[in-house]
Amino acid sequence: MLVLSRQRDETIIIGDDIEITIVDVRGEKVRLGINAPAHIPVHRKEVYDAIKREKMAAGGGKESKVESLAKKKPPETKTP
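Source: prediction; values computed, not measured.

About the criteria used
Residues numbered from 1 in each chain as written. Predicted model: local features only at pLDDT ≥ 70, side-chain atom pairs only at ≥ 80, totals over all residues. Heavy atoms only, no water. Helix = DSSP H or I, 4+ residues; strand = E, 2+ residues; numbered from the N terminus. Buried < 20%, exposed > 50% of the residue type's maximum accessible area, 1.4 Å probe, protein only. Contact = heavy atoms within 4.5 Å. Areas by Shrake-Rupley, 256 points an atom, 1.4 Å probe, with all protein chains shown as cover. Pairing = 2+ DSSP bridges. Axes fitted to C-alpha atoms, helices over the stretch in contact; angles between N-to-C directions. Patch = residues over 30% accessible without salt bridge, like charges linked within 9 Å, V, L, I, M, F, W, Y side chains within 5 Å. Salt bridge = Lys/Arg side-chain N within 4 Å of Asp/Glu carboxyl O. Polar contact = N/O pair within 3.5 Å; in protein donor to acceptor, adjacent residues only side chain to side chain.

Asks: Even after reading the chapter, I still don't get the overall build of the chain, so can you show me in this structure?
Replies: For the chain, the count of helices and strands is two helices and three strands. Ordered by position in the sequence, the α and β elements of the chain form the string β-β-β-α-α. Here the chain, with 80 residues, has 8% of them falling under the buried criterion. Restricting to contacts in the chain with at least 6 residues of sequence separation, those with at least 24 account for 0%. Per element, the accessible surface of the chain, about 7800 Å² overall, is 55% carbon and sulfur.

In structure tokens form, the structure reads like this:
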């Protein structure tokens, strides 16, 4: 994990088209402004987790192909 220090009104760039700006800092709360292309979904983690749970429930508990491939172990390589 990359950890960066930023102050109010400073920005972090991710790739070529995602900007995260520190909008406000009050006590232990930080407000972020996020500029990202419309095709990139941006959610708080708890919302993202809820969306994933709902998709799993709607699919009868089946994982998506991507999720199942991600959990699959790579083939073992034999050394001569």
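Asks: Looking at this model, I keep getting lost on the sheet that holds strand 3 (residues 29–35). Mind explaining?
Replies: Read across the open sheet, the three strands follow the order 1-2-3; overall the sheet is antiparallel. Looking at which strands have only one partner, the edges of the open sheet turn out to be strand 1 (11–14) and strand 3. If you compare each strand with its neighbour and ignore which way they point, the axes differ by 25° on average.

Asks: Whenever I open this one, a nonpolar patch on the surface confuses me. Can you help?
Replies: A surface patch of nonpolar side chains, amounting to about 410 Å² of accessible area, comprises Val 25, Val 30, Leu 32, Ile 34 and Val 42. Examining the composition of the nonpolar patch, we find that three residues originate from one element, strand 3, more than from any other. Here Val 42 is to be found in the loop between strand 3 and helix 1 (45–58). When its relative accessible area of 45% is taken as the criterion, Val 42 is described as partly exposed.

Asks: I'm lost on the side chain of Asp 24 in this one. Help?
Replies: Here Asp 24 shows up in strand 2 (residues 18–26). Engagement of the side chain of Asp 24 in a polar contact is seen with the side chain of Arg 26, the distance being 2.7 Å. Not counting the four nearest positions on each side in its chain, Asp 24 is found in contact with Arg 8, Lys 29, Val 30 and Arg 31.

Asks: When you look at the pairing of strand 1 in this model, what are you seeing that I'm missing?
Replies: The two faces of the sheet receive side chains in turn, since in a regular strand these alternate between them. Strand direction decides the pairing type here: strand 1 and strand 2, joined by four bridges, are antiparallel. If you follow Ile 14 over to strand 2, its bridge partner there is Ile 18. Here strand 1 hands over to strand 2 after three residues, with Gly 15 in that stretch at a positive phi of 65°.

Asks: It is not clear to me how the pairing of strand 2 should be interpreted in this structure. Could you clarify?
Replies: Relative to strand 3, strand 2 is paired through seven bridges, and the arrangement is antiparallel. Directly across from Asp 24, in strand 3, lies its bridge partner Arg 31. Adjacent in sequence and paired antiparallel, strand 2 and strand 3 are bridged by two residues, among which Gly 27 carries a positive phi angle near 60°.

Asks: Help me understand the environment of Asp 24 in this model?
Replies: A relative accessible area of 13% places Asp 24 in the buried class. Separated by 15 residues in the primary sequence, Asp 24 and Asp 9 place their C-alpha atoms 7.6 Å from one another.

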